[in-house]
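# A closer look at the structure
Below are the chains, spelled out letter by letter.
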Amino acid sequence: MAYDYQITVGGTALSTVFASSRFLKYTSGIRRGDNLLIPSQHGTYYVQDKYFDESDVLIEVTLPMTTTATAAEALSDMAALLSDQDLVVVSQVDPHRGSIRARVELVTDPVPTQNNLTYLFGLRNPSGFWEDVTASQAVGNPPSVTTGGDRPISDMILTFSNTGYLEHTDSLGQVARVTIDAGAGAGTYIVDCGARTVKKAGADQDAFLTVTQPYWMKFQPGVAQSFTSSVSVTVDWRDKWA
Amino acid sequence: MGVELRYEAWTLPWKTFQREITDIPVIQGGGSGTIRLNDFGSGTIDVPANYDRLTDIISATKGTLIRAYDGAILIHEFMAERIDFTITEAGGVATISGSDIASAFDRAIIYPWDYPANPTAVPNWVWGGANILQNPGMEDALTSAYIYDVFMGPEKYEVYTTATSGNFTLTMEGDTTAAIDYRAAASTVASAINATTGITDVDVELKFPNADLDALPQGTSGNPWVVEFQDPHVLAAGVMTGDGSGLTGGTLTITTILDPALTFTLSIQAETTASIAWDATTTVVNDRLEALNAVNDVTVSGDGSPGSPYKVTFVDPEVLLGPMFGTGTGLTVIQTQTGSDEIIAGWTKSQRADQRTVPAFHGTYTIFRQSSGAEPAHSGTYSLVVAGTQYAGAQQVVNVQPHGVYQASIWVRTNAASQTFRLVIRSIYEEILAVVGGGPGPGGDARAEVTPAVDTWTQITIPNVLAESYQFGFGLDTLVFRIANVTPTPAGIWYFDDAEFNQGLPETPPGGVVLALMKDAAVDHGADTRGTLLTWVDYSTINETRDSSDTDWFESISFTAFRGATYGQTWDRLASLGYEWRLVPKATPSGGLTHDLEWYGRAELGTDHTAAATPAINVGQGITAGKVVQRIPDRTAVLVEGGAGLYVEDKNTTTETNFGRLEKYKGDTGINSSGSLTDAGEHMLNQEEGTRTAIQITVMATPDHPRPLVDYTVGDELNTQLPPVLAKVGKRISQISYQNTKPARYQITLVEPPTPEV
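Residues numbered from 1 in each chain as written. Chains lettered and ligands numbered in written order. Predicted model: local features only at pLDDT ≥ 70, side-chain atom pairs only at ≥ 80, totals over all residues. Heavy atoms only, no water.

## Let's talk about the overall build of chain B
When helices and strands are counted, chain B shows seven helices and 52 strands. Expressed as a percentage of its 758 residues, the buried residues of chain B come to 51%. Partitioning the contacts of chain B with sequence separation of at least 6, the portion at a separation of at least 24 is 70%. Computed over 45 positive and 88 negative side-chain charges, the separation of the two mean positions in chain B equals 12 Å. (Helix = DSSP H or I, 4+ residues; strand = E, 2+ residues; numbered from the N terminus. Buried < 20%, exposed > 50% of the residue type's maximum accessible area, 1.4 Å probe, protein only. Contact = heavy atoms within 4.5 Å. Lys, Arg positive; Asp, Glu negative; His and termini not counted. Charge placed at Lys NZ, Arg CZ, Asp CG, Glu CD.)

## Observations regarding the packing of helix α4 (residues 510–522) of chain B against helix α5 (residues 567–575) of chain B
All names here are of chain B. One way to put it is that α4 packs onto α5 with a least axis distance of 12 Å and a crossing angle of 175°. Here α5 runs roughly antiparallel to α4, going by the angle between their axes. Residue-level contacts link P510, V513, V514, L517, M518, D520 and A521 of α4 to Y567, T570, W571 and L574 of α5. Here the residues of the contact of α4 with α5 are counted per class, giving nine nonpolar, one polar and one charged. (Axes fitted to C-alpha atoms, helices over the stretch in contact; angles between N-to-C directions. Parallel < 35°, antiparallel > 145°, perpendicular 65-115°, else oblique. Nonpolar A, V, L, I, M, F, W, Y, C, P; charged D, E, K, R; others polar.)

## Details of the interface of chain A and chain B
The interface of chain A with chain B comprises 16 residues on the first partner and 19 residues on the second. Interface area for chain A against chain B, summed over the two sides, is near 1300 Å², with a carbon-plus-sulfur share of 50%. Of all residues in chain A, R196, D206 and A207 of chain A bury the most surface against chain B, accounting for 37% of the area lost on that side. Our enumeration of links across chain A and chain B arrives at one salt bridge. For the salt bridge of K728 of chain B with D181 of chain A, the shortest nitrogen-to-oxygen distance reads 2.3 Å. Remark: the boundary between chain A and chain B carries 16 residue pairs in polar contact (both at pLDDT 80 or more). Residue contributions to the side of chain A that touches chain B peak at three residues, all from strand β17 (residues 209–211) of chain A. Residues belonging to the side of chain A that touches chain B are distributed by class as follows: seven nonpolar, five polar and four charged. (Buried area = accessible area lost by both parts, 1.4 Å probe. Salt bridge = Lys/Arg side-chain N within 4 Å of Asp/Glu carboxyl O. Polar contact = N/O pair within 3.5 Å; in protein donor to acceptor, adjacent residues only side chain to side chain.)

## Comments concerning the packing of aromatic side chains
Residues and elements named next belong to chain B. Applying the stated rule across the entire model yields 25 aromatic pairs over all chains. With a centroid separation of 5.7 Å and 70° between ring planes, the pair formed by F481 and F501 is classed as edge-to-face. Taken together, the positions of F481 in strand β38 (residues 478–485) and F501 in strand β39 (residues 494–503) put the pair 20 residues apart, joining distant regions of the chain. Neither residue differs from the other here; F481 and F501 are each classed as buried. Through pairs of rings, three or more aromatic residues link up here, namely F40, F105, Y567, W571, W581 and W599. Here R67 stacks its cationic end above the ring of W10, 4.5 Å away from the centre of that ring. (Phe/Tyr/Trp six-rings, centres within 6.5 Å; stacked < 30°, edge-to-face > 60°. Lys NZ or Arg CZ within 6 Å of the ring centre and 35° of its normal.)

## Some remarks on the pairing of strand β5 (residues 64–70) of chain B
Residues and elements named next belong to chain B. Extensive coverage of β5 is indicated by the burial of seven of its seven residues. Pairing of strand β1 (residues 5–11) with β5, which is carried by seven bridges, proceeds in the antiparallel orientation. Across the sheet, residue T11 finds its bridge partner in β5, namely T64. Bridging between β5 and strand β6 (residues 73–79) involves six bridges; their strand directions are antiparallel. Pairing of L65 across the sheet is with M79, part of β6. Connecting β5 to the next strand, β6, in antiparallel fashion are two residues, including G71 with a positive phi near 65°. (Pairing = 2+ DSSP bridges.)

## Thoughts on a negative patch on the surface
On the surface, D201, D203, E205, D231 and D303 of chain B cluster together to form a negatively charged patch. Looking at the negative patch element by element, the count peaks at three residues for strand β16 (residues 201–206) of chain B. (Patch = residues over 30% accessible without salt bridge, like charges linked within 9 Å, V, L, I, M, F, W, Y side chains within 5 Å. Areas by Shrake-Rupley, 256 points an atom, 1.4 Å probe, with all protein chains shown as cover.)

## Focus: the nonpolar core
Counting 67 residues, the largest nonpolar core has L158, F160 and V191 of chain A together with I24 and Y738 of chain B as the members making the most contacts within it. By residue number, the principal contributor to this core is strand β51 (residues 726–739) of chain B, which donates four residues. Setting aside residues no more than four positions away along its own chain, V191 of chain A makes contact with M156, I157, L158, F160, V178, I180, T197, V198, L209 and W216 of chain A. I101, F105, V513 and L583 of chain B belong to the second-largest nonpolar core, a separate cluster that totals 52 residues. (Core = buried A, V, L, I, M, F, W, Y, C linked by side-chain atoms within 4.5 Å.)

## Description of α4 of chain B
Residues and elements named next belong to chain B. For α4, built from 13 residues, the straight-helix expectation of 18 Å at 1.5 Å per residue is met to within 8% by its first-to-last C-alpha distance of 18 Å. Burial analysis of α4 places 11 of its 13 residues in the buried class, the great majority of the element. For α4, every residue scored as buried is listed here: P510, G511, G512, V513, V514, L515, L517, M518, D520, A521 and A522. Lining the buried residues of α4 we find β9 (125–127), β40 (537–538), β41 (559–561), α5 and β43 (593–600). (Expected span 1.5 Å × (residues − 1).)

## Focus on unusual backbone geometry
A negative phi holds for most residues other than glycine; trans holds for most peptide bonds. N141 of chain A connects to P142 of chain A through a cis peptide bond whose omega is 0°. Within the fold, P142 of chain A resides in the loop between β10 (136–140) and β11 (157–160). With an omega dihedral of 15°, the bond running from Y115 of chain B to P116 of chain B counts as a cis peptide bond. Mapped onto the elements, P116 of chain B comes out in the loop between β8 (93–99) and β9. At L709 of chain B, a residue that is not glycine, the phi angle is positive and equals roughly 70°. Position of L709 of chain B relative to the elements: it lies in the loop between β49 (693–700) and β50 (717–722). Residue L709 of chain B is classed as buried on the basis of its relative accessible area of 7%.

## A short note on the sheet that holds β5 of chain B
Residue and element names in this part refer to chain B. On the basis of which strands lie adjacent, the open sheet formed by four strands has the order β2-β1-β5-β6 and antiparallel pairing. Looking at strand neighbours, the two that pair on one side only are β2 (19–21) and β6, the edges of this open sheet. Neighbour-to-neighbour, the strand axes of this sheet turn through a mean angle of 40°, independent of strand direction.

Spelled out as structure tokens, the structure:
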């Protein structure tokens, strides 16, 4: 019996729509940028920590074989699940990566295959990564964070209990500090490093944020993170997967 | 709010100003515009060439204002000035472009100040114009110093014998001559004396050198030798003596004509020096004189001998209030040059300017001269000192612009109470003059009086004097500027200084300039051929006192608005002094007013967001590209020249030290005060410093982040951080360009914020 990835699309289990389904190709986004060609040296100079591009996701579905009408309805149901104006959340339970999800958009009509009951849907994952369905959290001054996954995390949400800073040194020695300036006044500040927003009670606080890196903050996967801080910070994140 | 831009077409603000097209179908990415600080921007839109309402936008009968919106927020307005068709097989694209609404100021020109006078007699608008008086500070006078020759001696004797033969000797300074024949020639006597050790030069002449020597033989009582010592010119060791024992039949007689004292003193103005030796060095003579309270500085040359007397030149004071004299037998004090300070450049005693009739001074004078330098002066070193009877005073005849306006003033001071001084401006025929708005004189004419407190500098002013006859109104090209004491029985000494007869209107804050020019266009000439224009512009936040942020203007300025220049060019010149302006649409037009013209002091335009929570420019918030440019200074020192050759130098000490002297020049003949020229120089250096680090970034409109032209605009100051290149710092937006891509794209230029005036 084939492994059941328990795929959901937009919250709907595909097992209720199709006879079977699987992500046929879920390659991670390719790395952006080249290594450096150094004259008089063999090969190239490896550039660490390259950014990743968006990734393609192909999902293969097998129509239910009860009736022709049922098969057609299944395709229509799938089209409806993927017709959202915005990104659609797809999830699966991967034997290695566990319960993971991605936000995707439909980029192609269903593509028939040699098997007339099997179709492919082309999806695009703008973020380039899969991520844990269940978020992780750590609180502290500084917080204690150990990441999993196999891809960098840069969309963590940092909730500052007051003005102050959180400074992170990653495994590559890059230091990133996020500070809520003292002039912002007491309060709880939510820094969304993915959306690149900083708010207090729902109001923007862009002028009171100081960052030292263009990526605001970035965790490497699968390691304990190193922090210093001046205030208690809650870190919410999801491990990222290729 | 949306992340796409949309466009509307409106009729022009000075016409009906209403929406004509609600949504112009601008091709995505084909709409763009630029908004600049203190300047005009521009805009352009691409629409399909077959758009059926193109003729409503570019019309033969009306103009159109293109308005760009971000959601409900108006972000830019520009005029549809031209249309370019790109012809292709598919139909093509029409590009509509033009300057933004503020360029309306480039379609209005400054009319002559005295419009509708034709021809114009006063074309330009002058505030704080040049002072046309010569030597207004009384610093220039034709003076000659007092010079004295001072010397002792020469020591002088008459010598004769009554002998019939023989010889005699003479002894002086301890030395004795060789024997001298009783009837020696004068030259022989001189040689004998000069041969002695202590004497270098002696003159010996017969008392009657042309006499018949048979009748008056030399060396006799009737024609004695006259011995005059030149070097030394005084016998310090005592008088000359002689020995006539070698004479036969008579005796030797030596008569002292002049035995100078060995010391002398000099006196000036009731003070006397310490004793001065007859052969004192020039340093000693100098020091003795300068030790007197009345003397600050003299120069002394010579050795004090008759042939090279002490030449004493009085430097300070140049003018002595009484002669120098000396005490000491044999002392000669001769004034070789009389000091003069009565010729004050440009000024004369008050008198009839029209010399066709009997020339007559007003009043009589006991004093009319430049001050001594120790006497009161309002500024500088000197003033004009006058004393006399009623109506005595000073005046200057000046050439003026007929019908021109001038600001008159002078400072007066006196050491007597209850002295009334009158400043009056007259024609050379003694006509009284008109004053704009009515002058302080009894008939509203150009005269004013003041009775100063004792020893107190007091200014008399007559504003807005018109160079035209008060009675007949015709223009005058020559005026008399006159100050006089009109007290019936004057007393004391009077001092006059710092006279001004400044061309044009008084200095005014920039608001006064803008107000007058806007009013001229929008209000003052409705009944004239020009009519009114710019009536749609609301300038009510601008006045002579406060700027549009309700902040007091920092200072008044000297400024000339040249007729024929556009309002835009004139705004540029005001901006070159550091002032800032913008034209913003009203949220609710009313009464025909559709836009606000705002003017500000330096660094006052725009909103400072650095202390607020938002907005800010942070890396990652829609910023897709950018660069930070740093360069060396273009200039570290400036020379700013105004009217009449007046100039100001300024420099940035720090950059000059670091980079050396890099010079830049700016000339503006419409600026006539050092203060305003200094402003221009400071602005040149500030602007240079402000753009040495410039940032240009491309920002894409995102729903979660501050939006250009909605949350912040040109002139605003924001916290900006682009790590690792630029740490967080306050920067000011100098320009925003936008494009209606999806999402909208903005290119933002940021510079250093200027420093406010302090």
